[in-house]
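# Analysis of the macromolecular model
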Amino acid sequence: MASQLDDSPVYANYEDMRNSGPTSSTDYMVQMGPTGDTVRVPVVQIPPKQTQQYRGFKTSENEPRGCMEWMVTILSVLVFIITSPISIFVCFKVVAEYERAIIFRLGRLSGGARGPGMFFILPCIDEYRKVDLRTVTFNVPQQEMLTKDSVTVTVDAVVYYRINDPLYAVVQVEDYSTSTRLLAATTLRNIVGTRNLSELLTEREILAHLMQSTLDEATEPWGVMVERVEIKDVSLPVSMQRAMAAEAEAARDARAKVIAAEGEKKAATALKEASDVISASPSALQLRYLQTLSSISAEKNSTIIFPLPMELLTPYLAKYAALMPQGPPPAQPPEKYDVSFINAQAAWPKTNL
């Protein structure tokens, strides 16, 4: 028993133990805690299944093969041996750092994603598909639609996505790129149709995040992860643009008039307070006159204005008012009418011309 425990492999955590393959030992040694103590974990023998399960979907990788399949596999190996070393250039493939390869042997999945680096395939019976893991960018075609408040708008967006699981991208969906593009266009129409025009113009970032979360949730079974969504432009009809411009201009004019009226009100109040202060002191008015002359002379004008208070002219006006000639008295209307004129007027209808 002691020798069996000594031969048991040691793992840093349970995750490494779960990802490791089966060994001849029936126990595993797992390090626990910062002190590095090891704990013996017994292995439960699980009978092999006929299907291999990858994160929710099943494949026929481990199903028993028929006699014909074994014969074809053996024949492929013989062909590889006979045609060596020429077959080496055909059977060894290389994938780049940003690529992964999915191998199908006689139509069945053969292991998980391979790469980066070199891998081997059997001639005639193996085929593989490369999957690019780099971020892909595409423009969502312009979508003309109605908003919630019945305004026709044209919206286009940009979507950034990448392959998160190459196995899902190959097995679960026929063409992940086309499916993602069509789903992005449909999602954009659905989101815009549930928003008002004001929300669409002012809350672009919120709508982009909502579209990203919706796309990411829908494309997760395909092994696609949507990294970012940006709404590029929201186009309005020309008539709607003119109406909105007129509305904004009217609103600005109204605010300008209100601000001007408030300024006039405050100016009038300040002038009234200033006039009350100046009227309380006659010398303050003279100082104000001098300050006005100083501000005028600072501009280098040739015109000089000298204000003359009316209080200085009052004695002279009173002295010369008595010496001014008097005008003729106004004519009085006659108090009595001429009697002969009245008699002639009364006799007028009886006179024959």
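In this text the structure is predicted, and so the values were computed from the model without any measurement.

### What about the side chain of D156?
Tracing the chain through its elements places D156 in strand 12 (residues 152-163). One buried charged side chain, D156, makes no salt bridge at all; its nearest oppositely charged neighbour is K232, positioned 4.2 Å away.

### Notes on helix 8 (residues 204-219)
Between its terminal C-alpha atoms helix 8 stretches 22 Å, which fits the 22 Å expected from 16 residues at 1.5 Å a residue. Regarding helix 8, the residues found buried are L207, A208, M211, Q212, L215 and T219. End-on view of helix 8: buried residues confined to an arc of 140°, all on one side of the axis. More than 90 degrees from the buried face of helix 8, the exposed residues found are I206 and E217. Contacts from the buried residues of helix 8 go to strand 12, helix 6 (176-193), helix 7 (197-202) and strand 13 (224-235).

### Some words on the state of the cysteines
In total, this model carries zero disulfides according to the counting rule given. With no disulfide of its own, C124 lies 8.5 Å from the sulfur of C91, the closest cysteine sulfur.

### Observations concerning the pattern of salt bridges
Throughout the structure, instances matching the rule amount to eight salt bridges. With a shortest N-O distance of 3.5 Å, D276 and K272 are connected by a salt bridge. One end of the pair, D276, and the other, K272, are both in helix 9 (residues 238-280), four residues apart, so they sit about a helical turn from each other. Exposure remark for K272: the relative accessible area of 53% places this residue in the exposed category.

### Details of the nonpolar core
Counting residues in hydrophobic clusters, the biggest one holds 35 residues, and the most contacted among them are V140, V153, V155, V159, Y176 and M211. Among the secondary structure elements, those contributing two or more residues to this core are strand 7 (99-105), strand 11 (136-146), strand 12, helix 5 (166-171), helix 6, helix 7, helix 8 and strand 13. Setting aside residues up to four positions removed in sequence, Y176 forms contacts with V131, Y161, I163, A169 and V224. Counting five residues, the second largest nonpolar core, distinct from the first, contains V95, A101, F119 and I121.

### Notes on the confidence of the model for the protein
Atom-level detail of predicted coordinates should not be read off regions where pLDDT is low. When the pLDDT values of the protein are averaged, the result is 76; 69% of them are 70 or greater. Between the elements of the protein, mean pLDDT differs from a low of 45, seen in helix 1 (residues 2-6), to a high of 92, seen in strand 12. Scored below 50 in pLDDT, residues 11-15 shows 13 contacts in the model against residues more than four places distant or in partner chains. Note on residues 21-36: pLDDT is under 50 here. Beyond four places in sequence and across chains, it has 52 contacts.

### Section: the sheet that holds strand 11
Pairing is antiparallel across the open sheet formed by three strands, whose spatial order is 11-12-13. Unpaired on one side and paired on the other, strand 11 and strand 13 mark the two borders of the sheet. Recorded for the sheet is a direction-independent mean angle of 25° between the axes of neighbouring strands. In this sheet, strand 13 lies alongside strand 12 in antiparallel orientation, the contact comprising 10 bridges. Bridged to I163 within strand 13 is V224.

### A closer look at the packing of helix 6 against helix 8
Contact geometry of helix 6 with helix 8 gives a least axis separation of 10 Å together with a crossing angle of 135°. Taken together, the axes of helix 6 and helix 8 lie oblique to each other. For the crossing formed where helix 6 meets helix 8, the hand is right-handed. Two secondary-structure elements touch here, helix 6 through T180, L183, A184, T187, L188 and I191 and helix 8 through L207, L210, M211, T214, L215, A218 and T219. Residues of the contact of helix 6 with helix 8, tallied by class, amount to nine nonpolar, four polar and no charged.

### Observations concerning the sheet that holds strand 7
The sheet built from three strands is open, its strands ordered 8-7-10 with antiparallel pairing. At either end of the open sheet lies a strand with only one pairing partner, and these are strand 8 (108-109) and strand 10 (126-132). By the bridge criterion, two bridges tie strand 7 to strand 8 in an arrangement that is antiparallel. By the bridge assignment, R105 is partnered in strand 8 with R108.

### As for the packing of aromatic side chains
Aromatic ring pairs are reported here in terms of the distance separating the ring centres and the angle at which the planes meet. Summed over the entire model, instances satisfying the criterion amount to four aromatic pairs. Geometrically, the ring pair formed by F119 and Y128 is edge-to-face, given 5.4 Å between the ring centres and 75° between the ring planes. Among the residues examined, F119 registers a relative accessible area of 6% and is labelled buried. Taking relative accessible area as the criterion, Y128 reaches 28% and is therefore assigned partly exposed.

Here is what the cut-offs are and how they apply
Residues numbered from 1 in each chain as written. Predicted model: local features only at pLDDT ≥ 70, side-chain atom pairs only at ≥ 80, totals over all residues. Heavy atoms only, no water. Helix = DSSP H or I, 4+ residues; strand = E, 2+ residues; numbered from the N terminus. Buried < 20%, exposed > 50% of the residue type's maximum accessible area, 1.4 Å probe, protein only. Lys, Arg positive; Asp, Glu negative; His and termini not counted. Salt bridge = Lys/Arg side-chain N within 4 Å of Asp/Glu carboxyl O. Expected span 1.5 Å × (residues − 1). Arc of directions from axis to C-beta. Contact = heavy atoms within 4.5 Å. Disulfide = S-S within 2.5 Å. Core = buried A, V, L, I, M, F, W, Y, C linked by side-chain atoms within 4.5 Å. pLDDT = per-residue confidence, 0-100. Pairing = 2+ DSSP bridges. Axes fitted to C-alpha atoms, helices over the stretch in contact; angles between N-to-C directions. Parallel < 35°, antiparallel > 145°, perpendicular 65-115°, else oblique. Left-handed = near helix turned anticlockwise from the far one by under 90°. Nonpolar A, V, L, I, M, F, W, Y, C, P; charged D, E, K, R; others polar. Phe/Tyr/Trp six-rings, centres within 6.5 Å; stacked < 30°, edge-to-face > 60°.

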